[in-house]
Amino acid sequence: RPDAFTRAQLQEVTALASQAALGIQAAALLRQQQQRAAQLVLIAEIGRKVAAILDLQTLFHDTVRLVQETFDYYHVSIYRVADDRQSAILAASSDAEIEHRGLTVPFGVGLIGHAAQEGTIYLTNDVLHNDLYLHEASLDRTRAELAIPLRVENRILGVLDLQSDHAQAFTEQDASVLQILADQIAVAIEDSHLYLLQRQQSRIS
């Protein structure tokens, strides 16, 4: 009916709507905090398992497997920085075909090449409209990509690359939380290098 609501009723409904909005916002924040807490627990568990691995190649393969199984990403890979520090070389991939074929990404090429060169996170939630995305025919379902540098102090050891088959799959919060995981992986790689060096020195002695 025309003019069915009085001004007082409109004010009451507006107040109720404001309270509902606050409730929705609080619920969303709570859900984000719960998701973040769950991610941190998973990352701590992966970090604990990774820290126990001393063989470098086993470390690469097991890390890729653990990350994919835990977070269910479409594709997970780890790249190591080449000795000449001009490119990133594939160390392990969740795709057996790609790993067997191998892949080298020059610095400054693709999200991986930029992350390796600059030591900063590169994220795109729409690879189809991002000029930095480096297309790989074997991963034609990729819609979002997150490249995180593996860094110890100021040294970049490699890149953890995560790909999703859903657009808008990653948030800035995801990137921040996963950087913690990348830091743990980098420390594990460094420990593995030191262990290998120690074994070589012992053998020489």
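Thresholds applied
Residues numbered from 1 in each chain as written. Predicted model: local features only at pLDDT ≥ 70, side-chain atom pairs only at ≥ 80, totals over all residues. Heavy atoms only, no water. Phe/Tyr/Trp six-rings, centres within 6.5 Å; stacked < 30°, edge-to-face > 60°. Buried < 20%, exposed > 50% of the residue type's maximum accessible area, 1.4 Å probe, protein only. Helix = DSSP H or I, 4+ residues; strand = E, 2+ residues; numbered from the N terminus. Pairing = 2+ DSSP bridges. Salt bridge = Lys/Arg side-chain N within 4 Å of Asp/Glu carboxyl O. Axes fitted to C-alpha atoms, helices over the stretch in contact; angles between N-to-C directions. Contact = heavy atoms within 4.5 Å. Parallel < 35°, antiparallel > 145°, perpendicular 65-115°, else oblique. Left-handed = near helix turned anticlockwise from the far one by under 90°. Nonpolar A, V, L, I, M, F, W, Y, C, P; charged D, E, K, R; others polar.

Focus on the packing of aromatic side chains
Okay, so step 1: Taken as a whole, this structure holds 2 aromatic pairs when the rule is applied.
Okay, so step 2: Judged by centre distance (5.8 Å) and plane angle (20 degrees), the ring pair of Phe71 and Tyr73 falls under stacked. There is no split in this pair, since Phe71 and Tyr73 are both buried.
Okay, so step 3: Their ring planes at 45 degrees and their centres at 5.5 Å tell us that Tyr73 and Phe170 sit as a pair that is tilted. Here the residue Tyr73 occupies a position in the loop between α2 (56–71) and β1 (75–81), and Phe170 occupies one in the loop between β6 (155–164) and α5 (172–204), the gap between them amounting to 97 residues. Accessibility assignment for this pair places Tyr73 and Phe170 in one class, buried.
Okay, so step 4: Taken together, Phe71, Tyr73 and Phe170 form an aromatic cluster joined through their ring pairs.

Overview of the pairing of strand β5 (residues 144–152)
Okay, so step 1: Burial runs high along β5: 8 of the 9 residues are buried.
Okay, so step 2: Of the strand pairs in this sheet, strand β4 (residues 122–124) and β5 are connected by 3 bridges, and their pairing is antiparallel. Looking at β5, one finds that Tyr122 is bridged to Ala147.
Okay, so step 3: For β5 and β6, the ladder comprises 9 bridges, and the chain directions are antiparallel.

Brief notes about the pattern of salt bridges
Okay, so step 1: Inspection of every chain in the model, using the stated rule, returns 4 salt bridges.
Okay, so step 2: The closest approach of N and O atoms between Arg65 and Glu69, which form a salt bridge, is 3.4 Å. With a gap of 4 residues between them, Arg65 and Glu69 both fall in helix α2, about one helical turn apart.
Okay, so step 3: Measuring nitrogen to oxygen at the nearest pair gives 3.1 Å for the salt bridge that ties Arg101 to Glu136. On the criterion of sequence distance, the pair formed by Arg101 in helix α3 (residues 96–101) and Glu136 in the loop between β4 and β5 is long-range, its members being 35 residues apart.
Okay, so step 4: For Arg101, a relative accessible area of 42% corresponds to the partly exposed category.

Some details on the sheet that holds β6
Okay, so step 1: Strands sit in the order β3-β2-β1-β6-β5-β4 across an open sheet of 6 strands; the sheet is antiparallel. The strands lining the two open edges of the sheet, one partner per strand, are β3 (104–106) and β4. Averaged over all pairs of adjacent strands, the angle between their axes in this sheet comes to 25 degrees, without regard to strand direction.
Okay, so step 2: Packing against the sheet, α2 makes contact with β1, β2 (87–93) and β6, and its axis sits at approximately 150 degrees to β1.
Okay, so step 3: Strands β1, β2, β3, β4, β5 and β6 of the sheet are contacted by helix α4 (residues 110–118), whose axis makes an angle of about 155 degrees with β6.

Digging into the packing of α2 against α5
Helix packing geometry: the angle between the two helix axes and the distance between the axes.
Okay, so step 1: Put simply, α2 and α5 touch, their axes get as near as 10 Å, and they point 160 degrees apart. Judged by the angle between their axes, α2 and α5 are roughly antiparallel. Handedness of the crossing formed by α2 with α5: right-handed. Residues Leu56, Leu59, Phe60, Thr63, Val67 and Phe71 of α2 form the contact with α5, whose own contacting residues are Leu178, Leu181, Ile185, Ala188, Ile189, Ser192 and His193.
Okay, so step 2: The class makeup of the residues in the contact of α2 with α5 is 10 nonpolar, 3 polar and no charged.

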